[in-house]
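Chain and residue survey
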Amino acid sequence: MILTQEATAPGFQSPTKRIILGVQFLFVAFGATVLVPLLVGIDPAVALFTAGIGTLIFHLITKGMVPVFLGSSFAFIAPIVAATKLYGLPGTLSGLIAVGVVYGLVSGIIKVWGLRVIEKIFPSIVVGPVIMIIGLSLAPVAVNMAKTNWIISSIALLTAILIVVYTKGMLKLIPIFSAIVVGYVVSVVLGQVDFTPIKEAAWFALPEFVRPELNWSAVLYMIPVAFAPIIEHVGDMYAIGGVANKEFVKKPGLNRTLLGDGVATAFAGFFGGPPNTTYSEVTGAIALTKVVDPRVLRIAAVTALVFSLIGKVSAFLKTIPQAVLGGIMLLLFGMIAGIGIKTLIDAKTDFTKTRNQVIVSVVLTVGIGGAQISYGNFSLAGIGLASVVGVVLNLILPDKSKPIKGSEVVEE
């Protein structure tokens, strides 16, 4: 059931219709929200729990003005996988909490000095290739999962492609969810699903929370990764503001929205969940349905929280075959890399300049090549090291880089 503008005008929004809309918006974000924890070894019920509470925290800090839903961030998949191998999940979680603290610090900087300081440190020439690394560094993971059953992974991949390219309306906004459903059904037909965990799971069960353990190496590893999602957050606030025809970057202000995102991310880290981010899929659904009532998104958050406490939902998600996830990732991770390329194109980056060629080349090589710097117990590698290298090169090489398109704030 899809409610559109006529059915959701303020005069028609009964509590029942708001609830239906809230559940509908959750399913738009559901596939992506549970996919991240499934890929990094976290209980998907924890991700639903922290997404639900995190969204409510965001709405509290932003005075309930902004119609957004916070779900699991894809930007942290590769860093979490790498950091977990180095420091274990509890140590990695301390790094994710630190990311939330960084969001808070940047929020304070924006409040005092505006976005210009951030634009100078993280222009498109730095953020673009870092986003590309986030996608490309995960390519082997996608292929290894997909090759467990190429028939199933190919069907899941084809489903996602067909929905993204050929469909319209609400269906176009849920390619991941749709691909999971189709891939799962095919897996059942081929006898590739073990239903035992679902049968054994209780109807009511608390998520498998993990307690963080302070690890300074993990903290230093994660902090540089935070800045690409920060820029993404800025773009998302402009996008949802355009849909709602309101300037959320001014009221409640980017400092509040980023702080809300940061506190939600830190909360997720304390309970063993992945970092949160505002979902463009939900923004698309809002644009389609013309529903800009923040209360509807809070209903989606409460629904996510309820789902996290249903043990059989978590058990079901854990029975999804690796091939289904791998097929989806073949498209998804490539699209993430494509966003990095688009960031450079939108900023009209001049690649006839040697300066720009040098920055992109070194950042990509360091990030994809797996370079690592170690000193004692401290180490910096992968995306984090590439981010630092990009920032340093941008600051020391002559000439200036262009800011991220859409990140310029008119300060009045």
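Everything here concerns the structure above.
What you see is a predicted model; the values in this text were computed from it and never measured. Along every chain, residues carry numbers that run from 1 in the direction the sequence is written. Selection of residues for local features in this predicted model requires a pLDDT of at least 70, selection of side-chain atom pairs for listing and counting requires 80 or more, and totals for whole chains, interfaces and linings are taken over all residues. Side-chain metrics in this entry use all non-hydrogen atoms of the structure; hydrogen atoms and water are not considered.

This brings us to the overall build of the protein. A count of helices and strands for the protein gives 19 helices and 4 strands. The globule rule puts the C-alpha radius of gyration for 412 residues at 22 Å, and the 21 Å found for the protein is close to it. The dimensions of the protein, computed from C-alpha atoms along their principal axes, are 60 × 50 × 40 Å. In the form shown here, the protein has an accessible surface area of approximately 17,500 Å², with 67% of it arising from carbon and sulfur atoms. The protein carries 28 positive and 19 negative side-chain charges, and their two centres are separated by 4 Å. Put simply, DSSP H or I for four residues or longer makes a helix, DSSP E for two residues or longer makes a strand, and each gets a number counted from the N terminus. We compute the radius of gyration over the C-alpha atoms and compare it with the globule rule, which gives 2.2 Å times the number of residues raised to the power 0.38. Accessible surface is estimated by sampling points in the Shrake-Rupley manner with a 1.4 Å probe; for residues, cover comes only from the protein chains shown. The charge count includes Lys and Arg as positive and Asp and Glu as negative, but it does not include His or the ends of the chains. Each charge is placed at NZ for Lys, CZ for Arg, CG for Asp and CD for Glu.

In this description, a nonpolar core means a group of buried Ala, Val, Leu, Ile, Met, Phe, Trp, Tyr and Cys residues linked to one another through side-chain atoms lying within 4.5 Å. Think of it in three bands: residues with accessible area under 20% of the maximum for their type are buried, residues over 50% are exposed, and the middle band is partly exposed, with areas taken using a 1.4 Å probe on protein chains only. In terms of nonpolar packing, the biggest core is built from 119 residues, with Phe69, Phe74, Phe76 and Phe333 touching the most fellow members. Contacts are assigned to residue pairs with any non-hydrogen atoms lying within 4.5 Å of each other. Setting aside chain neighbours within four positions, we find Phe76 in contact with Leu96, Val99, Tyr103, Met222, Val225, Ala226, Pro229 and Pro275. In this structure, Phe49, Ile53, Phe267 and Leu305 belong to the second largest nonpolar core, which totals 6 residues.

Before going further, it helps to examine the environment of Leu70. Among the secondary structure elements, Leu70 is positioned in strand S1 (residues 70–72). Between the C-alpha atom of Leu70 and that of Asn276, which follows or precedes it by 206 residues, the distance is 5.5 Å. The contact partners of Leu70, leaving out residues within four places of it in the chain, are Ala51, Gly54, Thr55, Phe58, Asp261, Ala264, Asn276, Thr277 and Thr278.

Here we take up the packing of aromatic side chains. Aromatic ring pairs: the centre-centre distance and the angle between the two ring planes describe each pair. Two aromatic rings, drawn from Phe, Tyr or Trp (for Trp, its six-membered ring), form a pair once their centres lie within 6.5 Å of each other, and the interplanar angle then sorts them: stacked below 30 degrees, edge-to-face above 60, tilted otherwise. Here the structure, examined in full by the defined rule, presents 7 aromatic pairs. When the ring of Phe49 is compared with that of Phe267, the centres are 6.4 Å apart and the planes differ by 25°; the resulting orientation is stacked. Within this pair, whereas Phe49 is found in helix H3 (residues 44–61), its partner Phe267 is found in helix H13 (residues 249–271), the two being separated by 218 residues in sequence. The buried category is assigned to Phe49, whose relative accessible area is 14%. Measuring from centroid to centroid gives 6.2 Å for Tyr87 and Tyr221, while their planes differ by 70°, and the two rings are edge-to-face. Within this pair, whereas Tyr87 is found in helix H4 (residues 77–113), its partner Tyr221 is found in helix H11 (residues 216–222), the two being separated by 134 residues in sequence. Here Tyr87 matches Tyr221 in class, with each residue buried. In this structure an aromatic cluster arises from ring pairing among Phe49, Phe209, Phe267 and Phe271. Against the face of Trp203 rests Lys312, its NZ or CZ located 5.3 Å from the ring centre. Put simply, a charge is over a ring when the Lys NZ or the Arg CZ is close to the ring centre, within 6 Å, and near the line of the ring normal, within 35 degrees.

Quick look at the pattern of salt bridges now. By definition, a salt bridge exists where a carboxyl oxygen of Asp or Glu is found within 4 Å of a side-chain nitrogen of Lys or Arg. Counted under the stated rule, the structure contains 5 salt bridges. The partner of Arg295 in a salt bridge is Asp293, and the shortest N-O contact between them spans 2.9 Å. A residue is classified by how much of its surface remains accessible, and Arg295, at 41% relative accessible area, is partly exposed. One salt bridge in this structure joins Lys342 and Asp346, with 2.7 Å as the shortest N-O distance.

Together, Ile151, Val181, Val185, Val189 and Leu190 line one region of the surface with nonpolar side chains, adding up to about 460 Å² of accessible area. At 3 residues, the largest contribution of residues to the nonpolar patch is made by helix H9 (residues 175–189). Residues with no salt bridge and a relative accessible area higher than 30% make up the patches, which join like charges within 9 Å and nonpolar side chains (Val, Leu, Ile, Met, Phe, Trp, Tyr) within 5 Å.

This part is about the environment of Ala386. Relative to the assigned elements, Ala386 resides in helix H19 (residues 382–396). When sequence neighbours within four positions are dropped, the list of residues in contact with Ala386 reads Ile133, Val363, Val366 and Gly367.

One fewer than the residue count of a helix, multiplied by 1.5 Å, yields its expected span. Across its 15 residues, helix H15 (residues 294–308) extends 22 Å between first and last C-alpha, which sits within 8% of the 21 Å expected from 1.5 Å per residue. If you check which residues of H15 are buried, you get Pro294, Val296, Leu297, Ala300, Ala301, Thr303, Ala304, Leu305 and Ser308.

Another aspect to go through is helix H18 (residues 354–369). Between its first and last C-alpha atoms H18 spans 22 Å; for 16 residues at 1.5 Å apiece the expected length is 22 Å, and the two agree. With its phi angle positive at about 75°, Gly370 sits one or two positions after the end of H18.

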